[in-house]
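# Structural characterization, general
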Amino acid sequence: QADFNGWQCYTGGVQFNTGIITLTPTLPVSNRHTMLSAVPGNGLDFWGGFPQNCPNGSGYSVKLGNGLGNAGAERISYTFTIPQTANTFSLIYNYAIVLQDFGHTAVQQPRLTIEVLNVTDNIPDPCSSFDFVVDASLPGFFVSPESSPTLPVRCKDWSAASINLDGKAGKTIQISFTTSDCSQGAHFGY
């Protein structure tokens, strides 16, 4: 719908050294929850060189977070109920990631976390949830040619993922996307 209707936005931060993320519900915040439109388009991501707009043809994408650091954290979540008659149900989403890597410990590094929760039964779905913590060994990532060798920015071009929700007819499901900067405050993730 070209807006955040139906989505819940959050802002907050990541605690120094611990990596604990604290978030508060909010309206969309400029430069932290950014709606992007494929027409006319938003150009290429500076670090990744890939389109800022998802090339899947959906028309709209959300940029979650920014390239500023400051120990910030952002989240968007969407909650929906699977129809009672839909015993076979899946959800496909597309994502791209940009994470600055200073070589901190894993809890201190920038990250993207994707979580799926069966709200009806209060059960997280570990098979559909991912925690992308910046690290040189992350598969599918490349180092931005715009970054320096001593402060690499690791990027993942647009990718699709599928969530299998078979057998969950009538259940309420929530999917959340959370980005956070490094807990030291200087390095970004979006």
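These numbers come from a predicted model, not from an experiment.

## Some details on the overall build of the chain
Helix and strand content of the chain: 0 helices and 12 strands. Sequence-ordered secondary structure for the chain, helices as α and strands as β, is β-β-β-β-β-β-β-β-β-β-β-β. Against the globule reference of 16 Å for 190 residues, the chain gives a C-alpha radius of gyration of 17 Å, in line with a compact fold. With respect to the three principal axes, the spread of C-alpha positions in the chain is 55 × 40 × 35 Å.

## Section: the side chain of Ser 144
You can see Ser 144 is positioned in the loop between strand E10 (142–143) and strand E11 (153–164). For Ser 144, a relative accessible area of 2% puts it in the buried group. In contact with Ser 144, other than residues within four places in its own chain, are Trp 47, Val 153 and Cys 155.

## Brief notes about the pattern of salt bridges
Considering all chains together, one arrives at 5 salt bridges under this definition. Note that Arg 75 and Glu 115 form a salt bridge whose closest N and O atoms lie 3.8 Å from each other. Here Arg 75, found in strand E5 (residues 72–81), pairs with Glu 115, found in strand E7 (residues 111–118); they are 40 residues apart in sequence, far enough to count as distant. Residue classification places Arg 75 among the partly exposed positions, given a relative accessible area of 22%. Residue Glu 115 is classed as partly exposed on the basis of its relative accessible area of 35%. With a shortest N-O distance of 2.8 Å, Asp 121 and Lys 171 are connected by a salt bridge. Taken together, the residues span a long stretch of sequence, with Asp 121 in the loop between E7 and strand E8 (123–124) and Lys 171 in the loop between E11 and strand E12 (172–180) at a distance of 50 residues. With a relative accessible area of 36%, Asp 121 lands in the partly exposed category. On the basis of relative accessible area, Lys 171 is assigned to the partly exposed category, the value being 22%.

## Quick word on the pairing of E7
With 6 of its 8 residues buried, E7 lies for the most part within the structure. Where E7 and E12 come together, 8 bridges link them in antiparallel fashion. If you follow Leu 117 over to E12, its bridge partner there is Gln 174. In this sheet, E8 lies alongside E7 in antiparallel orientation, the contact comprising 2 bridges. Across the sheet, the residue bridging to Asn 118 is Ile 123, located in E8. The loop that links E7 with its antiparallel partner E8 comprises 4 residues; one of these, Asn 122, has a positive phi angle of about 55°.

## So, the packing of aromatic side chains
Summed over the entire model, instances satisfying the criterion amount to 11 aromatic pairs. Centre to centre, the rings of Trp 7 and Tyr 78 are 5.0 Å apart; their planes meet at 50°, and the pair counts as tilted. Placement of the pair is Trp 7 in strand E1 (residues 7–14) and Tyr 78 in strand E5, with a sequence separation of 71 residues. Judged by its relative accessible area of 32%, Tyr 78 falls in the partly exposed class. With a centroid separation of 5.9 Å and 25° between ring planes, the pair formed by Phe 188 and Tyr 190 is classed as stacked. Both residues of the pair, Phe 188 and Tyr 190, count as buried. Every member of this aromatic cluster is reached through a ring pair, and the members are Tyr 93, Tyr 95, Phe 130, Phe 132, Phe 141 and Phe 177. In this structure, Lys 63 packs its charged tip against the face of Tyr 190, placed 4.5 Å from the ring centre. Sitting over the ring of Tyr 10, Arg 75 keeps its end group 5.7 Å from the ring centre.

The rules behind each value
- For every chain, the first residue of the written sequence is number 1, and numbering continues from 1 onward in sequence order.
- Given that this is a predicted model, residues contribute local features only at a pLDDT of at least 70 and side-chain atom pairs are listed and counted only at 80 or more, while totals for whole chains, interfaces and linings are drawn from all residues.
- With hydrogens and water excluded, all non-hydrogen atoms of the structure serve as input to the side-chain values.
- Strands here are runs of E lasting at least two residues and helices are runs of H or I lasting at least four, both read from the DSSP assignment and numbered beginning at the N terminus.
- With the radius of gyration taken over C-alpha atoms, the globule rule is written as 2.2 Å times the number of residues to the power 0.38.
- Residue burial is assigned from relative accessible area. The probe radius is 1.4 Å, only protein chains are included, and a residue is buried under 20% of its type maximum, exposed over 50%, and partly exposed in between.
- By the convention used here, residues are in contact when the closest approach between their heavy atoms is within 4.5 Å.
- What makes a salt bridge here is a side-chain nitrogen of Lys or Arg within 4 Å of a carboxyl oxygen of Asp or Glu, nothing more.
- Note on pairing: two strands pair once DSSP finds at least 2 bridges between them.
- The aromatic pairing rule takes the rings of Phe, Tyr and Trp, using the six-membered ring of Trp, and pairs them if the centres are within 6.5 Å, calling planes under 30 degrees apart stacked, those over 60 edge-to-face and the rest tilted.
- Whether a charge sits over a ring comes down to the Lys NZ or Arg CZ being within 6 Å of the ring centre and within 35 degrees of the ring normal.

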